[in-house]
Amino acid sequence: MKRKIFLTATIALLLPIWVSGQTLDDALRYSKVFYQGTARFNGMSGAFTALGGDISSIALNPAAAGVFRSTEFTVTPVVLFRDLETEYNGYGNYDSNSGFYLGQIGVVTSFNTGGSSGLSNLSLAYTFNRTNAYYRNAVIDGINDDGSMADFWALQGSGFRTGELSGAPWMAYEAYLIDTLSNYLDEYASIFSYYGDGFPTYGQQVKRTIDNAGYSNEHTIALGGNVSDKLYLGIGFGITSISYSGHYVHREIDEAENVYDFVNFTYTDHFNAIGSGWNFKFGAIARPVESLRIGVGITIPTYYTIDEVFYSNLSAYLDNDTPSTGDDASPVINQDDMSYRYRLATPWHFNTGIAYQIGNVALLSADYEFIDYGSARLKDGSDGYDFYNENEDLVSELGNTGTLRLGAEFRMKGLYLRGGYSYIGSAFRDGTLNEGADSNGYSAGIGYRQNNFFVDMSMVWLNSYEAYMMYPDDPRSNPVYNSHPANIYTKDKYLSFTAGFKF
């Protein structure tokens, strides 16, 4: 066991493993797509698979380009308001942030082929859509009576001798937060059980501050065709990009002086991810009768190449519970920046829709999107790693889910009123922690249109829930410690404005 008389230590390390890992969370984050479109698109909750005729809908179904008969240009800035409420062991916190960004910009132009039947029009389109906003500022704060992140690090070190430790377990060992059990060379316990010499004692304050940022975007180039005003076909090529910054500070403080020797520790984990990818899209819209449209859009997996740069550091303070200050310890372990490259294949996206036009007064639209998140795959690590275990986790934890989008539009001469609803099912399988992590959205909008220009405004309200684990439970069901999830409730409001021009 490590000596009980501590010395102040500051250590700088370059750690080869356990520093950052590509996990289910990364695959799910980059696989989720929430298209930000025109204010009309947003105001009808994105139910445009069968409608077409809106530039931003081309990302859902490239056949939407074939509906156009002229040249059109649109641009849509968006203001995001995000409120987060957290609850952990009976303690709550609230935070909010806002941001302004370009949600959509696009242009489409149509060419008459001169035929009175068959292929009558060809349309070429470009559209840019924001597809996700990763901003999250939250504080999780409460008292933990039956566990610590240090216990998790002790579990991670299991099976490795002290000279073989890396990453967070090595940092925790050097900070005197974990040590080997008596008579063992590769089994560990934390300071909360006095390294296995006593029954665990907790009651420390746990405070995690999360500060994430970033976005994903998609550029789509599409070709659409109009066949006798009865069938619209389209094909598209998508170029995607992601930028994500994941950061949290985890602090545990023994203000009640329940834990022998321990005062506090602070662990910081940070990484930046930049990625680019591509996909293909196919779609069709059928118009069997004048007022009815039926659509289908398919997007193949997006193939990403992602580069990460990451670091972490750990500091601790231990007082040895004696009046003297000479044996206090305040180790600090810093890890230099490291980098890693890997690839990700996201799931297929299948969209179907139906729309019905009621004369020149109104239209109703409904979409259903099917996604199997368990089919996402991490692969091709820059060090040759094949992500076998991580992909097994994807299959066992994530499953298929559906998204329902409903939209309506009412016309009063040049004035348009819109509304919509969306339900986004949880990506997690039944029986898992986040099986109930679904989302509900509502939307409303208004627009004014003339022959050559239009302006639209919309507001979208989206509410979601997540059970957030600060560290995993012991997979061996070891009763030494437990990890309880924090509940995170997110309330988003998207305010969008569109200016459009027809030529």
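Just above sits the structure.
The text that follows walks through the structure, step by step, so that each part is easy to find. Quantities reported herein were computed from a predicted structural model and do not represent experimental measurements. (Residues numbered from 1 in each chain as written. Predicted model: local features only at pLDDT ≥ 70, side-chain atom pairs only at ≥ 80, totals over all residues. Heavy atoms only, no water.)

Regarding its fold elements, the protein presents five helices and 22 strands. Counting only C-alpha atoms and orienting by the principal axes, one finds that the protein spans roughly 95 × 45 × 35 Å. Counting over 503 residues, the protein shows a buried share of 54%. Considering only residue pairs separated by 6 or more positions, the protein has 72% of its internal contacts joining residues 24 or more positions apart. Summing over all exposed atoms, the protein offers an accessible surface of approximately 21,200 Å²; the carbon and sulfur share of this is 57%. Across the protein, the centroid of the 32 positively charged side chains sits 15 Å from that of the 55 negatively charged ones. (Helix = DSSP H or I, 4+ residues; strand = E, 2+ residues; numbered from the N terminus. Buried < 20%, exposed > 50% of the residue type's maximum accessible area, 1.4 Å probe, protein only. Contact = heavy atoms within 4.5 Å. Areas by Shrake-Rupley, 256 points an atom, 1.4 Å probe, with all protein chains shown as cover. Lys, Arg positive; Asp, Glu negative; His and termini not counted. Charge placed at Lys NZ, Arg CZ, Asp CG, Glu CD.)

Now for unusual backbone geometry. Its identity as a non-glycine residue notwithstanding, Tyr176 has a phi of 65°, on the positive side. Turning to its location among the elements, Tyr176 is positioned in the loop between helix H4 (167-174) and strand S6 (178-180). Residue classification places Tyr176 among the buried residues on the basis of a relative accessible area of 7%. Backbone geometry places Asp261, a non-glycine residue, at a positive phi of 75°. Mapped onto the elements, Asp261 comes out in the loop between strand S9 (231-253) and strand S10 (262-289).

Checked against the element boundaries, Arg418 lands in strand S19 (residues 415-424). The sequence separation of Arg418 and Thr49 amounts to 369 residues, and the corresponding C-alpha distance is 17 Å. Filtering out sequence-adjacent residues up to four positions away, Arg418 remains in contact with Arg40, Gly43, Met44, Ala408, Glu409, Ser443, Ala444, Gly445, Ile446, Gly447, Arg449 and Asp456.

Where strand S12 (residues 303-318) lies against strand S14 (residues 338-345), eight bridges are found, and the strand directions are antiparallel. Bridging from a neighbouring strand, Ile306 pairs with Tyr342 of S14. One ladder, built from three bridges, connects S14 with strand S17 (residues 377-379); its direction is antiparallel. Looking at the pairing, Ala345 lines up with Arg377 of S17. (Pairing = 2+ DSSP bridges.)

With that out of the way, let us pick up the pattern of salt bridges. Any two side chains of opposite charge can pair if their charged atoms end up close together. Under the defined criterion, the tally for this structure stands at 16 salt bridges. Among the ionic pairs, Glu409 bridges to Arg40, the shortest N-O distance being 3.0 Å. With a gap of 369 residues between them, Glu409 in strand S18 (residues 400-412) and Arg40 in helix H2 (residues 39-43) connect regions that are remote in the sequence. Summarising the burial analysis for this pair, Glu409 and Arg40 share the class buried. The salt bridge partner of Asp456 is Arg449, with a shortest N-O separation of 3.2 Å. Accessibility assignment for this pair places Asp456 and Arg449 in one class, buried. (Salt bridge = Lys/Arg side-chain N within 4 Å of Asp/Glu carboxyl O.)

In this structure, Ile140, Trp153, Leu177, Phe265, Tyr267 and Leu314 are the most contacted members of the largest nonpolar core, which totals 41 residues. For this core, the secondary-structure elements that each account for two or more residues are strand S2 (72-88), strand S5 (136-144), helix H3 (149-156), H4, strand S8 (204-227), S10, S12 and strand S22 (486-502). Ignoring anything within four residues of it in the chain, the contact list for Phe265 reads Ser148, Met149, Ala150, Trp153, Leu177, His250, Arg251, Glu252, Leu314, Ser315 and Ala316. Among the nonpolar cores identified, the runner-up in size contains 24 residues, and Leu24, Tyr304, Ile371 and Phe387 belong to it. (Core = buried A, V, L, I, M, F, W, Y, C linked by side-chain atoms within 4.5 Å.)

Moving on, we get to the packing of aromatic side chains. Under the counting rule described, the total for this entry stands at 24 aromatic pairs. Members of the aromatic cluster, each reached through a chain of ring pairs, are Trp153, Phe192, Tyr202, Tyr248, Phe262, Phe265 and Tyr267. Its guanidinium or amino end placed over the ring of Tyr30, Arg29 lies 5.2 Å from that ring's centre, counting from NZ or CZ. Between the NZ or CZ atom of Arg449 and the centre of the ring of Phe454, over which it lies, the distance is 4.0 Å. (Phe/Tyr/Trp six-rings, centres within 6.5 Å; stacked < 30°, edge-to-face > 60°. Lys NZ or Arg CZ within 6 Å of the ring centre and 35° of its normal.)

Tallied over the entire structure, the rule returns four cavities of 30 Å³ or more. Considered as a void within the structure, the largest cavity measures approximately 420 Å³ in volume. Lining the largest cavity are 23 residues, with Phe34, Tyr35, Ser45, Arg405 and Ile424 sitting closest to its centre. Every element with two or more residues in the lining of the largest cavity is listed here: H2, strand S16 (362-372), S18, S19, strand S20 (439-449) and strand S21 (453-468). The residue makeup of the lining of the largest cavity, split by class, is twelve nonpolar, eight polar and three charged. Of the volumes computed, that of the second largest cavity is approximately 180 Å³. Taken together, 21 residues line the second largest cavity, and the ones lying closest to its centre are Val33, Tyr35, Glu218, Thr302 and His349. When the residues that make up the lining of the second largest cavity are grouped by side-chain class, the tally is six nonpolar, eleven polar and four charged. (1 Å grid on protein atoms, 1.4 Å probe; cavity = no way out; pocket = protein on both sides within 12 Å on 5 of 7 lines; lining within 4 Å. Points joined across faces, edges and corners; volume = space filled by probe spheres on them. Nonpolar A, V, L, I, M, F, W, Y, C, P; charged D, E, K, R; others polar.)

Attention now goes to helix H1 (residues 24-31). Think of an α-helix as turning once every 3.6 residues; residues three or four places apart then point the same way. Burial of H1 is extensive: seven of the eight residues sit out of reach of the surface. Listed as buried for H1 are Leu24, Asp26, Ala27, Leu28, Arg29, Tyr30 and Ser31.

It is worth spelling out the layout of surface pockets at this point. Taken as a whole, the second largest pocket spans an internal volume of roughly 650 Å³. Lining of the second largest pocket is provided by 29 residues; of these, Arg40, Gly53, Val67, Arg293 and Arg411 occupy positions nearest its centre. Elements supplying a minimum of two residues to the lining of the second largest pocket: strand S11 (292-299), strand S15 (349-358), S18 and S21. Here the lining of the second largest pocket takes three residues from S15, the largest share from any one element. Counted by class, the lining of the second largest pocket contains eleven nonpolar, seven polar and eleven charged residues.

Summarising the element assignment, Ser439 is placed in strand S20. The class of Ser439 is buried, set by a relative accessible area of 11%. Look past the residues within four positions of Ser439 in its chain and what remains in contact with it is Ser422, Tyr423, Ile424, Leu462, Asn463 and Ser464.

Position of Gly246 relative to the elements: it lies in strand S9. For Gly246, a relative accessible area of 5% corresponds to the buried category. Excluding anything up to four places from it in sequence, Gly246 contacts Asn212, Asp269, His270 and Phe271.

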